Amino acid sequence: MDDDGSHRVELYIYDLTQGMASMMSEMILGRHIEGVWHTGVVVFGREYFFGHQGIQSCPPGGTVLGTPQKVEKIGETFIPFQVFKDYVRGLAESTFRGSCYNLLKHNCNTFSNEITQFLCGVSIPKFILDLPQEFLGTPLGQTLGPLIESIGASENSQHFSFEPRIAAREASPGFDELNSEIEQARLQSIALNERRNNIKEKIAKKERKKEKKKRKAQANGHSESDYSSNTGMSEAEANNGEMNGTATNGDGAIPSEMLPSEKVLEEEAREKAEEEERKRQRDPPVVFNNIDPKAELEALVKLLDGKLSKEDETSIEELHQYLLEGEGSWALSDGFLVFAERVLRDPAISTETRVHLLRALANAALKDDVILLLHQDRRDHVLMNYAQDIDRLSPEEQQAIALFMCNLFENSSSSEWLLYISEWNYNTTQTSNIRASTKVAVHCLLASCPTLQDLGTAIIHNLACKEKLHRAKNLRQMLPKGSRSKVFDDVAVELAMAILQFFNNKPNEEHLFRTMKALARFVTVSPDVPQLVQMIGPNPSTFKGTSERIDQQIAQIAKKIR
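Heads up: these notes are all about the structure in this document. (Residues numbered from 1 in each chain as written. Predicted model: local features only at pLDDT ≥ 70, side-chain atom pairs only at ≥ 80, totals over all residues. Heavy atoms only, no water.)

**A closer look at the overall build of the protein**
Moving on, step 1. Within the protein one finds 25 helices and seven strands.
Moving on, step 2. Among the 562 residues that make up the protein, the fraction classed as buried is 45%.
Moving on, step 3. For the protein, restricting intrachain contacts to residue pairs at least 6 apart in sequence, the fraction spanning at least 24 positions comes to 72%.
Moving on, step 4. With an accessible surface of roughly 28,700 Å², the protein has 50% of that area assigned to carbon and sulfur atoms. (Helix = DSSP H or I, 4+ residues; strand = E, 2+ residues; numbered from the N terminus. Buried < 20%, exposed > 50% of the residue type's maximum accessible area, 1.4 Å probe, protein only. Contact = heavy atoms within 4.5 Å. Areas by Shrake-Rupley, 256 points an atom, 1.4 Å probe, with all protein chains shown as cover.)

Here it is in structure tokens:
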């Protein structure tokens, strides 16, 4: 890992023919082909690849193919290893199961492209992705294509696979015995982890019960010491029980092929600690957690009754598992976004249905692993394209999509996603996540609907508070030249203009505080904003005396506009 917290992402490229394709392809195919390419993605100290056995990993260059013919740097990723691991696990259980492998249409290179898109937003080289079509475009390819696909679909297709496996370990007299011991250690570790979780849950329940009794005792006039003598297990006993329940010998279970080196695990732990520290230091975002996911899902199913395909039913069940059964976001397969787009875009589906789906997603936005779903959407931009159309939506849909975006600020990874500057073309214009986020914020802030105004002030407040969080070198390097903040100059100007216009509506104290706090941040982001405040007005000082916390923000703005 680099000093700025990034991880290098490389593509290992192998020629399965060891140079034979380059020499003989012209004679056999009537067209020159440089090589028959297999690829693996190297990140977090491991090489990840896909074949008939599903997703596998090994040390870099550790397959039977040996040293790669080429190594291409794809870029740097700031995605934490835990997020990456959960994402790969989700792929392994859905679109990249071993049974999904197809030599010509869904192979190792398809997987490598998926991973590099997820990590860096970059595709692997086009000459690798185009190779199957290039082969099928030859007379021989047209003849052999159906035969190759039928072989790949057969039960014994692994015997014809060009995909490498991890090199086998040399046999040794004690190897079987060692494997047996490792398996026993693994099972013991699983049992100990389950016991630890059960003990933690019991302790948490006792603490809740203890706190409840404490409040009741205080309400009845009893002293804290009287209460503590009747609370059952003491804190020392609880801690001792947890220690006993989690004790292990040595290093515990041996990690599986999907796990990285100890060094990567240490880096992951450090990243988690840094993330927790950032959460403690940051200004808390304004989010709305009064959403009942069960009610939203029940309403969604009722409205879609009789209109669901088998795939739609699967997507609903996945969302149920994620929101209500405690499963991770890996439960949402690639097909879920297809379902979401149909609900959001199909004119035959009612506005009420779309609202319930968006509100369910707004609840999901509060979860710390929602970033996996968001990264799956980096290809088709289903959610952000819908947000970009906020001015064309019904008032109910406007509120629902704004609620979803506002709640994404609960976690730093999903809030960073809202600020991505990578552009794509939508309705003949260039847009990006930060552009869509800005449009939603401005539209809601200047709407006549009080609910939209409330959401708009929250989103603008959250956008502005991101500026304080991320002044790290690696993030600044991603911005246009001359920008000082993630919310870069022209966006800060647009948001500041909307705030000044909003001031004319005589907002209440809460809304005034959120927007004044945002303006205090924006005057430090862009050199144009202080001048804008002086020229357009109203001068923030006209609101002085509203409350002490607003006066503090006004004083900060005054330092910049003198």
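After that view of the structure, there is still more to cover.
**Examining a nonpolar patch on the surface**
Moving on, step 1. A surface patch of nonpolar side chains, about 330 Å² in accessible area, is lined by Met-497, Met-535 and Ile-536.
Moving on, step 2. Looking at where Met-497 falls in the secondary structure, it is placed in helix H22 (residues 489-503). (Patch = residues over 30% accessible without salt bridge, like charges linked within 9 Å, V, L, I, M, F, W, Y side chains within 5 Å. Salt bridge = Lys/Arg side-chain N within 4 Å of Asp/Glu carboxyl O.)

**Details of the nonpolar core**
Moving on, step 1. One finds Phe-84, Leu-119 and Phe-404 to be the most contacted residues of the largest nonpolar core, which totals 122 residues.
Moving on, step 2. For Phe-84, the residues in contact, after removing those within four places along its chain, are Val-43, Phe-44, Tyr-48, Ile-79, Ile-115, Phe-118 and Leu-119. (Core = buried A, V, L, I, M, F, W, Y, C linked by side-chain atoms within 4.5 Å.)

**Observations regarding the environment of Val-41**
Moving on, step 1. Here Val-41 lies in strand S2 (residues 37-43).
Moving on, step 2. When the C-alpha atoms of Val-41 and Asn-109 are compared, they prove to be 9.6 Å apart, with 68 residues separating the residues in sequence.
Moving on, step 3. Apart from residues lying up to four places away in sequence, Val-41 is in contact with Val-9, Glu-10, Leu-11, Arg-46, Glu-47, Tyr-48, Ser-112, Ile-115, Thr-116 and Leu-119.

**Quick look at helix H25 (residues 548-561)**
Along an α-helix, residues three or four apart share an orientation, since each turn contains 3.6 residues.
Moving on, step 1. Here H25 spans 20 Å end to end across 14 residues, near enough to the 20 Å set by a 1.5 Å rise per residue.
Moving on, step 2. For H25, every residue scored as buried is listed here: Ile-550, Gln-553, Ile-554, Ile-557 and Ile-561. The buried side chains of H25 occupy one side of the element, clustering within an arc of 100° when seen end-on. Residues of H25 that are exposed and point over 90 degrees away from its buried face: Glu-548 and Lys-559. (Expected span 1.5 Å × (residues − 1). Arc of directions from axis to C-beta.)

**Notes on the pattern of salt bridges**
Moving on, step 1. This structure, assessed with the given rule, holds 15 salt bridges.
Moving on, step 2. Glu-76 serves as the salt-bridge partner of Lys-73, at 3.0 Å between the closest nitrogen and oxygen.
Moving on, step 3. A relative accessible area of 46% places Lys-73 in the partly exposed class.
Moving on, step 4. Between Glu-114 and Arg-379 there is a salt bridge; the shortest N-O distance is 3.1 Å. Residue Glu-114 is found in helix H3 (residues 108-120), and its partner Arg-379 is found in the loop between helix H15 (371-376) and helix H16 (382-388); the two are separated by 265 residues along the sequence.
Moving on, step 5. For Arg-379, a relative accessible area of 52% corresponds to the exposed category.

**Structural notes on the side chain of Glu-296**
Moving on, step 1. Mapped onto the fold, Glu-296 is located in helix H11 (residues 293-303).
Moving on, step 2. Owing to a relative accessible area of 8%, Glu-296 belongs among the buried residues under this scheme.
Moving on, step 3. When neighbours within four sequence positions are excluded, Glu-296 is seen to be in contact with Ile-291, His-356, Arg-359 and Ala-360.

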